[in-house]
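# A closer look at the structure
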Amino acid sequence: AQSVTQPDIHITVSEGASLELRCNYSYGATPYLFWYVQSPGQGLQLLLKYFSGDTLVQGIKGFEAEFKRSQSSFNLRKPSVHWSDAAEYFCAVGAPGANNLFFGTGTRLTVIP
Amino acid sequence: ETGVTQSPTHLIKTRGQQVTLRCSSQSGHNTVSWYQQALGQGPQFIFQYYREEENGRGNFPPRFSGLQFPNYSSELNVNALELDDSALYLCASSLGSGGVSGANVLTFGAGSRLTVL
């Protein structure tokens with residue numbers, strides 16, 4: 001069975017500081033991995049995805065994520081956070097050929113001036 | 001291109017009632033998935049529709065049902081509402097054969113927030 005763990009419920013960073021949001025997944029083979037962002041009153045927006053190939057994936061808004069098979073992790077990073085990055089971030093895993101995604105419980109990011 | 005639109009945005013029902021939520025998929029997308037997001041939780045897969053047929057279902061009882069129409073829009077119906085059905089219901093559209101793949105990136109709507117009293 002697939003599952004996703006986001007160990008940090010809430011993270012607070014200062015504007016301009018670097019950010020890393022953790023995601024660990026459980027799946028027997030190489031899964032498809034995603035990071036989505038959800039702002040209040042909005043749906044989920046895809047930040048980036050990993051299917052295969054280069055383990056460092058670039059996304060929108062300056063985000064990147066690295067797939068580490070040995071650690072079953074897919075952590076999201078950003079070198080310099082902007083106030084507009086404050087939102088809820090969800091990591092998700094999907095099995096190749098399947099028709100659904102499994103989401104983590106999310107990490108809420110607060111950005112302080 | 002238009003994105004995924006959902007209606008209504010908010011609604012309040014009482015226990016035992018029935019509700020219908022609607023979703024228009026993104027232009028060009030032929031697959032629709034529905035997710036339930038309870039407060040403080042991540043979205044949970046309800047079911048997916050492809051070619052007007054249910055194409056996979058999560059761990060939800062039969063009182064959750066759906067439809068997909070020829071124009072790829074979709075409805076989610078929930079009968080005999082329970083208090084625990086209070087949640088944000090998200091519709092997502094995608095293009096492909098219904099499987100999660102490089103061709104199937106989900107585009108989500110803003111959701112319908114259902115409150116059951």
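Below is a short write-up of the structure. Keep in mind it's a predicted model, so treat the numbers as computed, not measured. (Residues numbered from 1 in each chain as written. Chains lettered and ligands numbered in written order. Predicted model: local features only at pLDDT ≥ 70, side-chain atom pairs only at ≥ 80, totals over all residues. Heavy atoms only, no water.)

Helix and strand counts for chain B come out as 0 helices and 11 strands. Put simply, chain B runs from its N terminus to its C terminus through helices and strands in the order β-β-β-β-β-β-β-β-β-β-β. Over its C-alpha trace chain B gives a radius of gyration of 13 Å, about what one expects of a compact globule, namely 13 Å for 117 residues. Per-residue burial over chain B gives 50% buried out of 117 residues. Surface exposure of chain B reaches about 5,400 Å², of which carbon and sulfur atoms provide 49%. Taking the average place of the 7 positive charges on the side chains of chain B and the average place of its 8 negative ones, the gap between the two points comes to 6 Å. (Helix = DSSP H or I, 4+ residues; strand = E, 2+ residues; numbered from the N terminus. Rg over C-alpha atoms; globule rule 2.2 N^0.38 Å. Buried < 20%, exposed > 50% of the residue type's maximum accessible area, 1.4 Å probe, protein only. Areas by Shrake-Rupley, 256 points an atom, 1.4 Å probe, with all protein chains shown as cover. Lys, Arg positive; Asp, Glu negative; His and termini not counted. Charge placed at Lys NZ, Arg CZ, Asp CG, Glu CD.)

Residue and element names in this part refer to chain B. One pass over the structure, following the stated rule, counts 8 salt bridges over all chains. Among the salt bridges present, the one from Arg 22 reaches Glu 75, with a minimum N-O distance of 3.5 Å. Remark: Glu 75 occurs in strand 8 (residues 74–78) and Arg 22 occurs in strand 3 (residues 19–24); sequence separation between them is 53 residues. Of the residues examined, Arg 22 reaches a relative accessible area of 42% and is grouped as partly exposed. For Glu 75, a relative accessible area of 15% gives the class buried. Between Glu 82 and Arg 63 there is a salt bridge, and its shortest N-O distance comes to 3.3 Å. Of this pair, Glu 82 sits in the loop between strand 8 and strand 9 (87–94) while Arg 63 sits in the loop between strand 6 (53–57) and strand 7 (64–68); the two residues are 19 residues apart in sequence, bridging distant segments of the chain. Among the residues examined, Glu 82 registers a relative accessible area of 41% and is labelled partly exposed. Residue classification places Arg 63 among the buried residues on the basis of a relative accessible area of 17%. (Salt bridge = Lys/Arg side-chain N within 4 Å of Asp/Glu carboxyl O.)

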